[in-house]
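# Analysis of the macromolecular model
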Amino acid sequence: MSLSSSGPSAANACLPADAPVVKSVPPLPSPTRSVRCSLDGDSGRLFSTKPLLTYCSGKSVIVRTLDESILLQQEEFSPIVSCLIYRGHCSTGNPTAAKLSASGAYVCSGDDKGSLRVWALDHVEHLTKYENPSCLQGPIRDVAWDGESKRLAIGGERRMDARQSQCAVTIQWDGVSAGSLMQFLKGRVSSVAFKPERPLRIVTAGMDEPKCYFHQGPPFQRVACQDGVPAEDEHARGGVQCVRYNSKKDGSLVATVGTDRSIVLYDGNTFAVKTKLEDAHAATIYSVAWSGDDAHIMTASGDGTCKLFQVLDSDASNISLKQVHDWKVAEHQAKGVAFDKVPVGGTQLGCTFVKASNTPVSVGYNGVLSTLPMPGSGGKMETITGHYAPISSMAVDEASGIFFTGDTNGILCEWDLKTTKCLRRLEPPGGDPDLMNVVHGTTAKPAAVSGVAMTSSRLYSVGWDDTMWVASLKDGSIEKDGVSLHAQPSSISTGTNVGLIVTVKGLLLVNADGKVSDLILIPYEANCAIVSKDDRMVYVGGQDANIHIYSIGDDGSTLTETQTIDGKHLKPIHSLALSLDGKLLASGDDKDILVTQLSDLSSIVGRGKWCFHVQKVTKLSWAADNKMLVSGGVDDSIYVWSIEKKMSRIHYRFAHRGGITGLHVLQKAAGVQILSVGADSVVNQWDATKDVQEKFG
């Protein structure tokens, strides 16, 4: 395979270098049930002082600093944020494994379609060094570098209908084969490990077979078993979930864990058994990791706990394991409530030590990251929460300094507006015994959140479970009984106290008491709507390319159509925004953005002027002076427009992969600050002040 990249260009593999992003919050890992979740805490020599954590989420690979320090601090690098969101796999599949090289210069990542990419972490555009779109015929489950950052081992699954395809390969960093790894009978590899120092060794572990294969090289070949060495069959049943070499002691030991709940330590050079600890957990052990000094190993298990074991090695021939701590992660997330059966969201599927700070980190099936305190450190267990599914909507309350987001898995999150930090996930009404935090739908069948909006005292959320949930802004608690809408909602908008829900069957009004009106039938298909701040007028954008204007009845449950803005748009209308003074109405369709003066329905910006989006315009937001408008679309772009300089524009390309689903210009912030969310599950804050001054004066 040549070094040239045949996938997406380097331009959209990450945020462009000139993007004025000042804060970026990456998504959480997106785990698969009963499958080890890839977490990497190595920093490499280049970033040896930075506590890096690398994992996969959706269509992205995330590299973030655990202490939120700046990731790339060179002056020429921009945006200057604490994470990198790599999007190079968007055209091939969802990343499933990622590993930082020992040098720290490169990251190797593989996805669920078998595509492998090696790309530069320390380069401004994170260019692809090597790509193989068909490294494996099935999902890549694990990758490993050697200590020289020259060779790779890749393990995963072969296609079930292609018996000759491989489930484990080893290559040089430029794609040349480095040997032949032993293939598993059932064609599924759960984990691979590369000995960090010479003599080089590779260990592969079977996902459905209690077997490990040991290889030496290069060129790498399986070492035949003689007198029980290498010990390929030490695990009793099920599969071997994870295998890892220690690093500080030149790979002298290698650890494996598996379905049989045992931990086995082997000699790193011969794969002879050093010690075995059975029944270390009460359920499958999914992951194992070595501490930075190789004095401890930690494990993550389906029993909802992570455990710390001290490696006792009085001499090379006498090695044993001693449990020194038990982190009850699931119980901590359940607010200390003990349980008889482990909540499905609390099963721990991955763990690692962030080597620069020697901090243990684990991830559960609910995607929540837990930073665990070492014994005697005096620290507390903390969680990093947020989204891992595409964010579908956002509502901002600048007066309270918070904003809310909803995603396609039915999860609602509350954020601090000043720090752009996720404060918590909203707990479903009636409690959350599964720890999955699903508000819309159920754990087994979550429903997408199609809209969130706020009044002065309430948060409203509508979703594809055809239900509206109401939460108090004081404590974020959701009312016990949801409101059945009897139709699938597509969006919700609120004024000061009144709301309007757009459904596939018609419109629904929500009065100041949170009561929903009867369905209001309309002779067209509504796509979007907005309610005026005085709760008197409603503007509805239709599939008929018209804007329908309604007045709200005194009882708050009826609508009367007063006017129609027709003939201006040629395409269906997908977004609306009222200026803060209520005098201007912006509307967006498949391409055009129009601005209408509401006093006489005259055009301030007509068709064909602001027409640079290449796909539908999904979000619009006005600046505080009512002279600037910000738009976002499915084309991943954000534009800034000026009413005074209509022929000028600012374009932020590749803002969110998959499109912009939420956009808000902060009214009380200094300069021009923009908050955006997208289908890539990322929350970005943009400082457009300099660009606005240069472009609009």
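Here, every reference points to the structure presented above.
For the structure given in this document, a descriptive report is provided here. (Residues numbered from 1 in each chain as written. Predicted model: local features only at pLDDT ≥ 70, side-chain atom pairs only at ≥ 80, totals over all residues. Heavy atoms only, no water.)

Broken down by element type, the chain carries two helices and 54 strands. Relative to its length of 697 residues, the chain is compact, with a C-alpha radius of gyration of 27 Å against a globular reference of 26 Å. By its C-alpha atoms, the chain is 90 × 55 × 50 Å across when sized along the principal axes. When the 697 residues of the chain are sorted by exposure, 60% land in the buried category. (Helix = DSSP H or I, 4+ residues; strand = E, 2+ residues; numbered from the N terminus. Rg over C-alpha atoms; globule rule 2.2 N^0.38 Å. Buried < 20%, exposed > 50% of the residue type's maximum accessible area, 1.4 Å probe, protein only.)

What follows is about the side chain of Thr-503. Structurally, Thr-503 can be placed in strand S38 (residues 499-503). You can call Thr-503 buried: its relative accessible area is 3%. For Thr-503, the side chain forms a polar contact with the main-chain nitrogen of Lys-505, separated by 3.2 Å. At 2.9 Å, the side chain of Thr-503 and the backbone oxygen of Gly-506 are in polar contact. Leave out the neighbours within four places in its chain, and Thr-503 touches Ala-487, Gln-488, Pro-489, Ser-490, Leu-508 and Leu-519. (Polar contact = N/O pair within 3.5 Å; in protein donor to acceptor, adjacent residues only side chain to side chain. Contact = heavy atoms within 4.5 Å.)

Quick look at helix H2 (residues 689-696) now. For H2, the complete set of buried residues consists of Thr-689, Val-692 and Phe-696. The buried residues of H2 all sit within an arc of 65 degrees when viewed along its axis, so they share a single face. Facing away from the buried side of H2 by more than 90 degrees, the exposed set consists of Lys-690 and Glu-694. Tucked inside the fold, the buried residues of H2 contact strand S49 (628-633), strand S50 (638-642), strand S51 (649-652), strand S53 (673-678) and strand S54 (683-687). Of the residues trailing H2, Gly-697 is marked for its positive phi of about 80 degrees. (Arc of directions from axis to C-beta.)

Here we come to the packing of aromatic side chains. Aromatic ring pairs: the centre-centre distance and the angle between the two ring planes describe each pair. Under the counting rule described, the total for this entry stands at ten aromatic pairs. With centroids separated by 3.9 Å and ring planes inclined at 5 degrees, the aromatic side chains of Tyr-266 and Phe-271 adopt a geometry described as stacked. In this pair, the class of Tyr-266 matches that of Phe-271, namely buried. Judged by centre distance (5.1 Å) and plane angle (20 degrees), the ring pair of Trp-610 and Trp-641 falls under stacked. Pair noted here: Trp-610 is in strand S47 (residues 602-610) and Trp-641 is in strand S50, with a separation of 31 residues, a long-range link. Across the pair, exposure class does not vary: Trp-610 and Trp-641 are buried alike. Linked through ring pairs, Trp-610, Phe-612, Tyr-639 and Trp-641 together constitute an aromatic cluster. Across the ring face of Phe-612, the terminal group of Arg-649 is positioned such that the distance to the ring centre comes to 3.5 Å. (Phe/Tyr/Trp six-rings, centres within 6.5 Å; stacked < 30°, edge-to-face > 60°. Lys NZ or Arg CZ within 6 Å of the ring centre and 35° of its normal.)

Below, the discussion takes up the sheet that holds strand S48 (residues 617-622). If you trace the four strands from one edge of the open sheet to the other, you get S48-S49-S50-S51, paired in antiparallel fashion. Across the chains shown, the open sheet's two edge strands, defined by having one partner strand only, are S48 and S51. Averaged over all pairs of adjacent strands, the angle between their axes in this sheet comes to 20 degrees, without regard to strand direction. As judged from the four bridges shared by S50 and S51, these two strands associate in the antiparallel manner. Opposite Ile-638, over in S51, you have Tyr-652 as the bridge partner. Contacting S49, S50 and S51, H2 crosses the sheet at an angle of about 145 degrees to S51. (Pairing = 2+ DSSP bridges. Axes fitted to C-alpha atoms, helices over the stretch in contact; angles between N-to-C directions.)

Within the secondary structure layout, Lys-568 lies in the loop between strand S43 (559-565) and strand S44 (575-578). No salt bridge is formed by the buried Lys-568. Its closest oppositely charged neighbour is Asp-600, at 7.3 Å. Separated by 3.1 Å, the side chains of Lys-568 and Ser-603 make a polar contact. With residues near it in sequence (within four places) discarded, Lys-568 still touches Leu-594, Thr-596, Leu-601, Ser-602, Ser-603 and Arg-607. (Lys, Arg positive; Asp, Glu negative; His and termini not counted. Salt bridge = Lys/Arg side-chain N within 4 Å of Asp/Glu carboxyl O.)

Strand order in the open sheet made by the four strands is S6-S7-S8-S9, with antiparallel pairing throughout. The sheet is open, and its two edges are formed by strand S6 (95-100) and strand S9 (128-132), each paired on a single side. Here the average twist between neighbouring strands, direction ignored, is 15 degrees. Strand direction decides the pairing type here: strand S8 (residues 116-120) and S9, joined by four bridges, are antiparallel. In the strand pairing of S9, Val-118 is matched with Tyr-130.

So, about the pairing of strand S34 (residues 458-463). Extensive coverage of S34 is indicated by the burial of six of its six residues. Residues Arg-458, Tyr-460 and Val-462 line one face of S34 and the alternating positions Leu-459, Ser-461 and Gly-463 line the opposite face, and both faces are buried. Where strand S33 (residues 449-454) meets S34, five bridges bridge the pair, whose relative direction is antiparallel. Residue pairing across strands places Ala-453 opposite Tyr-460, the latter belonging to S34. A loop of three residues connects S33 with S34, the two strands running antiparallel in sequence. Counted between consecutive antiparallel strands, the loop separating S34 from strand S35 (residues 467-472) contains three residues, among which Asp-466 sits at a positive phi close to 60 degrees.

Under the counting rule described, the total for this entry stands at zero disulfides. Of all cysteine sulfurs in the structure, the one in Cys-14 sits closest to Cys-90, which takes part in no disulfide; the separation is 11 Å. Exposure remark for Cys-90: the relative accessible area of 16% places this residue in the buried category. There is no disulfide at Cys-306, and the cysteine sulfur nearest it, in Cys-351, is 5.8 Å away. (Disulfide = S-S within 2.5 Å.)

All chains considered together, the criterion is met by 21 salt bridges. Across the pair Glu-157 and Arg-141 runs a salt bridge whose closest N-O atoms are separated by 2.9 Å. Taken together, the residues Glu-157 in the loop between strand S11 (151-156) and strand S12 (168-172) and Arg-141 in strand S10 (residues 140-145) connect sequence positions 16 residues apart. Owing to a relative accessible area of 10%, Glu-157 belongs among the buried residues under this scheme. Residues Glu-278 and Lys-276 are paired through a salt bridge, measuring 3.7 Å at the closest nitrogen-oxygen approach. Taking the relative accessible area as the measure of exposure, Glu-278 reaches 53% and is therefore exposed.

Let us now look at the pairing of S54. The element S54 is largely enclosed, with a buried count of four among its five residues. Here strand S1 (residues 21-25) pairs with S54 via four bridges, running antiparallel. Bridge pairing links Val-25 to Val-683 in S54. Here S53 pairs with S54 via five bridges, running antiparallel. Paired with Ile-674 across the two strands is Trp-686, which belongs to S54. If you look at the hairpin formed by S53 and S54, you'll find four residues sitting between the two strands, and Ser-681 has a positive phi there, around 70 degrees.

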